[in-house]
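These are the residues of each chain, in order.
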Amino acid sequence: MLEGKAILAETDMKQTMKEDALSLAAKALDCFDVTEPTQIARFIKKEFDRKYGSGWQCVTGTHFGSFVTHCSGCFIHFSVGSLTILLFKGSSAEPMV
């Protein structure tokens, strides 16, 4: 199981959603090579959109920085080997006044 291999950096997801993210990452890595980060991100994002509603964003790669706003309970950042995965549901901006 991937969970034993994944290094969790940060999350605010409930346990079941976290397990889904790790499981989908494992499936994505079974289907795609680690050199195909866009395909891995697309796979995870589409599955989370299907299961938890639209608005999910997924970033994968070996070297990237990020600063994002996300919905509470909808953020996970973890690594599997050299691949880092950032998955979150975006938060809508406050209306401009």
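Note that this is a predicted model, so its numbers are computed, not measured. Numbering of residues begins from 1 in every chain and follows the order in which that chain's sequence is written. Selection of residues for local features in this predicted model requires a pLDDT of at least 70, selection of side-chain atom pairs for listing and counting requires 80 or more, and totals for whole chains, interfaces and linings are taken over all residues. Computation of side-chain values: all heavy atoms of the structure, hydrogens and water removed.

(A) Molecular detail of the overall build of the protein chain. Helix numbering and strand numbering both begin at the N terminus, where a helix is a DSSP run of H or I of at least 4 residues and a strand a DSSP run of E of at least 2. Helix and strand content of the protein chain: two helices and four strands. Going residue by residue from the N terminus, the α and β elements of the protein chain occur as β-α-α-β-β-β. Between two residues, a contact is recorded if the distance between any of their heavy atoms is within 4.5 Å. When contacts within the protein chain are restricted to residue pairs at least 6 apart in sequence, long-range pairs at least 24 apart make up 52% of them. Entry remark: accessible area of the protein chain is about 6,100 Å², with carbon and sulfur atoms responsible for 54%. Using a 1.4 Å probe, the Shrake-Rupley method yields the accessible areas, and only the shown protein chains count as cover for residues.

(B) Seen up close, the environment of A28. Residue placement: A28 occurs in helix α1 (residues 15–31). With residues up to four places along the chain from it excluded, the contact list for A28 reads I40, F43 and I44.

(C) Representation of the packing of aromatic side chains. Ring geometry is summarised as follows: Phe, Tyr and Trp rings, the Trp one being its six-membered ring, pair when their centres sit within 6.5 Å, and such pairs are stacked at plane angles under 30 degrees, edge-to-face over 60 and tilted between the two. For the coordinates displayed, the defined rule picks out four aromatic pairs. Between the aromatic rings of F32 and F43, the centroid separation amounts to 6.3 Å while the plane-to-plane angle is 65°, which identifies the pairing as edge-to-face. With F32 in the loop between α1 and α2 (37–52) and F43 in helix α2, this pair connects stretches of sequence that are eleven residues apart. Taking the centre distance of 4.9 Å and the plane angle of 40° together, the rings of F48 and Y52 count as tilted. Placement of the pair is F48 and Y52 together in helix α2, with a separation of four residues, close to one helical turn. You can call Y52 partly exposed: its relative accessible area is 25%. Pairwise contacts between aromatic rings join F48, Y52 and W56 into one cluster. For each residue, the accessible area found with a 1.4 Å probe, counting protein chains only, is set against the maximum for its type, and the residue is called buried under 20%, exposed over 50%, and partly exposed in between.

(D) Region of interest: the pattern of salt bridges. A pairing counts as a salt bridge when a side-chain nitrogen of Lys or Arg comes within 4 Å of a carboxyl oxygen of Asp or Glu. In total, this model carries three salt bridges according to the counting rule given. Among the ionic pairs, D20 bridges to K51, the shortest N-O distance being 2.9 Å. Of this pair, D20 sits in helix α1 while K51 sits in helix α2; the two residues are 31 residues apart in sequence, bridging distant segments of the chain. The partner of E47 in a salt bridge is R50, with the nearest N and O atoms 2.8 Å apart. Here E47 pairs with R50, and both are found in helix α2, just three residues apart, close to one helical turn.

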